[in-house]
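Architecture at a glance
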Amino acid sequence: MANRGGFSSRIGFIMAAAGSAVGLGNIWKFPYEVGENGGAVFLLVYLICTVVICFPIMIGEIAIGRKAQKDAYGSYKSLGGRRWGLLGLFGILCGVMILSFYNVVAGWAFGYFLEISFGDLLNTADFKLFFGEYVGMIWDNLFFSVCFMIITAFIVVKGVSGGIERASKILMPMLFAILVGLIIYSLTLDNAMEGIKFYLLPDFSKLNLETIYSALGQAFFSLSLGMGALITYGSYIDKKQNIITSAAMISVMDVSVAFLAGLLIFPLVFSQGQAPTEGPGLVFVALPGVFNSMGPIIGKVVGGGFFLLLCFAALTSTISLLEVPVAYLVDTKKLPRKAVVWLLATLIFVVGLPSMLSQGAVDMFSSMSFYGGKSFLDFVSEVFSDISLPLGGCLMSIFIAYRWKTQSLSEEISSGNENYKGSFLEKVINLVIMYIAPILLGLIFINTVFSKFFGIEII
Ligand code: TRP
């Protein structure tokens, strides 16, 4: 297996996996999901989902990958037989579809970085109007998202390289520092406290089933779970690593960045008298206003810096999304890595075109009548991320519980963590994997499908 490559150190793996987890999901998606789903109560449900369901699932994924030492498809197949391999293939499909729209949004972030740093975006009179027009501009979007896909492919071609490990180790702390700096500034603004209240004081009257699905979907997406990304990364680590502590560090980093992003955005939104229910435009509309108020030079530096770091966060995520299908074709189909990367990057880019054109550029994609007038981007993101990732997690727990068996899971976790067997944690993890996750995720899946596609509320 030596020629598959691998992470050079434990911290390299943690940083790469945290890099995969921390991305647009934390800084772009999380705040607008909180905004649309009633504020603090969403945050609370999200935290519960992360600890109770997602943490054990993450451990399971890493363990499967490390045991099998293969890509998502190959891992399920070698541990469970050909039929379970289908689950791996489903995950790979989800990865392809998620990357197709993720790359479009990353393109917006890249465009904002350039337009703030080198253009005069900050002099715009109405940022909301600007964003609405911006995402509908075909040529700009094409250019920026092509660039983003090319950069992603360049890095993935190099394999599980020291470059990305080293880059993540520098960029992650920088992202943290900029976030904290901006938060301190934003807390000094008028009305900031209104934002903090919305974000931190739960209003339980806003709690409904929709909140729970969204929070769960968001937790899966943000932690890069449910489609085999961590099976793939887990296959690149050695048997001495402690999977539990690694998974804990990855989760804590991911949750902290999401939490901090909310702490930054809501004071800003409220201080500018905007509504938090803006949707996907939230970060792109609320932040430029603040950068603008910092004056022409500081605004450009801080604003440009923020969007640049957002791009880096997105980049370590697009890399992990692309690595999943690449690892499949390289490991299982024995195709050359370089050709596979460029082929997939091109294909995924093309698959992403309708999402790119769905933000006003082309009516047919922007408002789809069969999907409640929502956009193609919403459709792909809801089907392949919100619905499919928890489903993938559900099936993975069933796989561990009833095919691979929890004894094998414990065995794998024990390597690198001798005290695991017989511990309280082992019991909790097994309980979640055997009963809580499959039942809860299964119910939620069924209910979501019925309510989204047939308008029937079962629960
Ligand atoms: N977790 C990333 C984010 O929050 C996105 C991502 C990267 C992802 N790899 C993934 C999501 C795999 C689901 C599955 O932005």
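Just so we're clear, the structure is a prediction, and the values are computed from it rather than from any experiment.

1. Details of the overall build of the protein
Scanning the protein from N- to C-terminus turns up 19 helices and 0 strands. For a compact globule of 459 residues, the expected C-alpha radius of gyration is about 23 Å, and the protein comes in at 21 Å, within 12% of that figure. On the principal axes, the C-alpha backbone points of the protein span a range of 60 × 50 × 45 Å. Going through the 459 residues of the protein one by one, you find that 59% of them count as buried. In the protein, the proportion of contacts linking residues at least 24 apart, taken out of those at least 6 apart, comes to 79%. Summing over all exposed atoms, the protein offers an accessible surface of approximately 17800 Å²; the carbon and sulfur share of this is 69%. Distance between charge centres in the protein, computed from 28 positive and 28 negative side chains, equals 15 Å.

2. Details of the site of the ligand
Near the ligand there are 17 residues, and of these Ala21, Gly25, Tyr102, Phe221 and Ser224 occur at the shortest range. In this structure, Leu24 approaches the ligand through a main-chain N or O atom, which is 3.2 Å from an oxygen atom. Within the side chain of Ser320, an N or O atom sits 3.0 Å from a nitrogen atom of the ligand. Within the complex, 100% of the 360 Å² of free accessible area of the ligand lies under protein.

3. Remarks on helix α10 (residues 209–222)
Three or four residues apart is the spacing at which side chains of an α-helix point the same way, because the helix has 3.6 residues per turn. Taking 1.5 Å per residue, 14 residues should reach 20 Å; α10 reaches 20 Å between its end C-alpha atoms and fits that length. Counting buried residues in α10 gives 11 out of 14 residues, a clear majority hidden from the surface. All of the buried residues in α10 are Thr211, Tyr213, Ser214, Ala215, Leu216, Gly217, Gln218, Ala219, Phe220, Phe221 and Ser222. Measuring from the backbone nitrogen of Glu210 back to the side-chain oxygen at the start of α10 gives 3.1 Å, which picks out Asn208 as the cap.

4. Thoughts on the packing of aromatic side chains
With the rule as written, the count across this model stands at 39 aromatic pairs. Taken together, a centroid distance of 5.4 Å and an interplanar angle of 55° make the contact between Phe198 and Phe266 tilted. Of the two residues, Phe198 sits in helix α9 (residues 192–200) while Phe266 sits in helix α12 (residues 243–271), which places them 68 residues apart along the sequence. Since its relative accessible area comes to 0%, Phe266 is described here as buried. Joined through ring pairs, the aromatic side chains of Trp108, Tyr112, Phe130, Phe131, Tyr134, Phe284, Phe291, Phe306 and Phe307 make up one cluster. Over the aromatic face of Phe221 sits the side chain of Lys29, whose NZ or CZ is 4.9 Å from the ring centroid.

5. Let's talk about the pattern of salt bridges
Following the criterion strictly, the structure yields 10 salt bridges and no others. Between Lys29 and Asp386 there is a salt bridge, with its nearest N and O atoms 3.5 Å apart. Separated by 357 residues along the polypeptide, Lys29 in helix α2 (residues 24–36) and Asp386 in helix α17 (residues 376–404) bring together distant segments of the chain. The class for Asp386 is partly exposed, based on a relative accessible area of 23%. Of the charged contacts, one joins Glu411 and Lys421 as a salt bridge, the two residues approaching to 2.9 Å between their closest N and O atoms. Of the two residues, Glu411 is situated in helix α18 (residues 406–414) and Lys421 in the loop between α18 and α19 (424–454); the sequence distance between them amounts to 10 residues. By relative accessible area, which is 49% here, Glu411 ends up partly exposed. We classify Lys421 as partly exposed; its relative accessible area is 41%.

Conventions and cut-offs
Residue indices begin from 1 for each chain and proceed along its sequence in written order. At least 70 in pLDDT is required for a residue's local features to be given in this predicted model, at least 80 for side-chain atom pairs to be given and counted, and no such filter applies to totals for whole chains, interfaces and linings, which use all residues. Side-chain calculation: all heavy atoms of the structure are included, whereas hydrogens and water are not. To qualify as a helix, a DSSP run of H or I must reach at least 4 residues; to qualify as a strand, a run of E must reach at least 2; elements of each kind are numbered from the N terminus. Radius of gyration here is computed from C-alpha atoms only, and the compact-globule reference equals 2.2 Å multiplied by the residue count raised to the power 0.38. Here the term buried applies to any residue with accessible area under 20% of the maximum for its type, exposed to any over 50%, and partly exposed to those in between, with areas from a 1.4 Å probe on protein chains only. The contact criterion used throughout is that any non-hydrogen atoms of two residues lie within 4.5 Å. Accessible areas in this description were obtained via Shrake-Rupley with a 1.4 Å probe; residue shielding takes into account the shown protein chains only. Charge counting treats Lys and Arg as positive and Asp and Glu as negative, with His and both chain ends excluded. To locate a charge, take atom NZ for lysine, CZ for arginine, CG for aspartate or CD for glutamate. Residues are counted as near a molecule or strand when any one of their heavy atoms sits within 4 Å of it. Nitrogen and oxygen atoms within 3.5 Å of one another constitute a polar contact, given that in protein one can donate a hydrogen and the other can accept it, and given that sequence-neighbouring residues count only through two side-chain atoms. Helix span, as expected, comes to 1.5 Å for every residue beyond the first. We call Phe, Tyr and Trp rings a pair once their centres come within 6.5 Å, taking the six-membered ring for Trp, and we label the pair stacked below 30 degrees between planes, edge-to-face above 60, and tilted otherwise. Look at NZ for Lys and CZ for Arg. If either is within 6 Å of the ring centre and within 35 degrees of the ring normal, a charge sits over the ring. For this document, the term salt bridge refers to a Lys or Arg side-chain nitrogen within 4 Å of an Asp or Glu carboxyl oxygen.

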